[in-house]
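Structural overview for review
Here are the chains, one letter per residue:
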Amino acid sequence: MEPIPSFSIDHLRLKAGLYVSCKYDIGAETLTVFDLRLKRPYQEEVMTTGSMHALEHICESFLRNDPLWKDRIVSFNPMGSRTGFYLIVVGDVNTDIILPLIERTFDYASDYEGDIPGATPTECGYCVDMDLDEAKNDAALYYNLLIEGKKENFNYPKPRKSKKSDDKK
Ligand SMILES: [Zn+2]
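In what follows, the accompanying structure is described. Quick caveat: nothing in here was measured; it's all calculated off a predicted structure.

**Here we look at the coordination of the zinc ion**
Every protein donor of the zinc ion is accounted for by His 53 (NE2), His 57 (NE2) and Cys 124 (SG), and the metal-donor separations fall at 2.1 to 2.3 Å. Donor residues for the zinc ion sit on one chain with the sequence pattern H-x3-H-x66-C. Remark: His 57 and His 53 occur in helix H1 (residues 49–63); sequence separation between them is four residues, near one turn of the helix. Comparing His 53 with His 57 shows no difference in burial state: the two are buried.

Below, the structure written as structure tokens:
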């Protein structure tokens, strides 16, 4: 099988940040996949499942109600590594264009009060595993990172040199 694009990123050199993971042309549309990397791999603790689950519900609800972007949101999903989320939007979009939306989303999540959207047994498969305090903390840390972000927080590290380039060509 061909490796998927995200496997080609050197996660040992990857910082927390906001990145274009890849773009797919599907029919006449381009879809852009963003890597919202909240935690630096192998340097910071990964998020708890309760934090990620609460953020998934809060952020996806916010994104799908944002007046500017709601019609272009395809999905917002947790990474299995628990270091971040993927956001897929319709269109050929770059980080500087999406950044205000991501800032709004995590600013909102960092101050969230009240019932978490969809957190009932009829609406969700495991609603008991949500931790709003952790979620707000993770959201605030990420919001601050985006506000103060440097170039390295918006551009993937340069690809590592492949040891077996050309041997399949
Ligand atoms: Zn859920």
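**Concerning the side chain of Lys 136**
Note that Lys 136 resides in helix H3 (residues 132–147). With a relative accessible area of 18%, Lys 136 lands in the buried category. Non-local contacts of Lys 136, meaning those with residues more than four positions away in its chain, are made with Ala 109, Ser 110, Asp 111, Tyr 112 and Glu 113.

**Notes on the environment of Val 90**
Here Val 90 shows up in strand S4 (residues 84–90). Excluding residues within four positions of it along the chain, Val 90 makes contact with Glu 29, Thr 30, Leu 31, Arg 72 and Val 74.

**A look at the pairing of strand S3 (residues 73–78)**
Within a regular strand, side chains alternate between the sheet's two faces. When S3 meets S4, the two strands line up antiparallel, connected through five bridges. Across the sheet, Phe 76 pairs through a bridge with Leu 87, a residue of S4. Between S3 and S4, which follow one another and run antiparallel, lie five residues, and Arg 82 among them has a positive phi close to 60 degrees.

**Re the side chain of Lys 39**
Checked against the element boundaries, Lys 39 lands in the loop between strand S2 (29–37) and H1. Reaching out from Lys 39, the side chain makes a polar contact with the side chain of Asp 138 at a distance of 2.9 Å. When residues no more than four places from it in sequence are discounted, the contact partners of Lys 39 are Ala 16, Glu 44, Glu 45, Val 46, Met 47, Thr 83, Asp 138 and Leu 141.

**Quick notes on the nonpolar core**
Counting 35 residues, the largest nonpolar core has Leu 18, Leu 36, Leu 55, Leu 87, Ile 98, Ile 102 and Phe 106 as the members making the most contacts within it. Of all elements in the fold, only S2, H1, S3, S4, helix H2 (95–110) and H3 reach the threshold of two or more residues within this core. Residues contacting Leu 36, with those up to four places away along its chain left out, are Gly 17, Leu 18, Phe 76, Met 79, Thr 83, Gly 84, Phe 85, Leu 87, Ile 102, Phe 106 and Tyr 142.

**Side note on the pairing of S4**
Of the strand pairs in this sheet, S2 and S4 are connected by seven bridges, and their pairing is antiparallel. Bridging across to S4, Leu 36 finds its partner in Phe 85.

Criteria and cut-off values
- Within any chain, residue numbers begin from 1 and follow the written order of that chain's sequence.
- The model is predicted, so local features are restricted to residues of pLDDT at least 70 and side-chain atom pairs to those at 80 or more, both for listing and for counting; the totals for chains, interfaces and linings are taken over all residues.
- Side-chain metrics in this entry use all non-hydrogen atoms of the structure; hydrogen atoms and water are not considered.
- Shown as donors are all N, O and S atoms within 2.8 Å of a metal ion, widened to 3.2 Å for Na, K and Ca; because water is not in the atom set, sites may appear incomplete.
- Only DSSP runs of H or I reaching four residues or more are called helices, and only runs of E reaching two or more are called strands; each is numbered from the N terminus.
- Exposure is judged per residue with a 1.4 Å probe applied to protein chains only, and the accessible area is read against the type maximum: over 50% gives exposed, under 20% gives buried, and values in between give partly exposed.
- Here, residues are in contact when the closest pair of their heavy atoms is within 4.5 Å.
- Here, strands pair whenever DSSP counts at least two bridges between them.
- As used in this structure description, the phrase polar contact means that two N or O atoms lie within 3.5 Å; if the pair is within protein, one of them must be able to donate a hydrogen and the other to accept it, and residues adjacent in sequence are counted only when both atoms belong to side chains.
- Side-chain atoms within 4.5 Å are what join buried Ala, Val, Leu, Ile, Met, Phe, Trp, Tyr and Cys residues into a set we call a nonpolar core.

It is worth stressing that arrangement in space is one thing and function is another; only the former is reported here.
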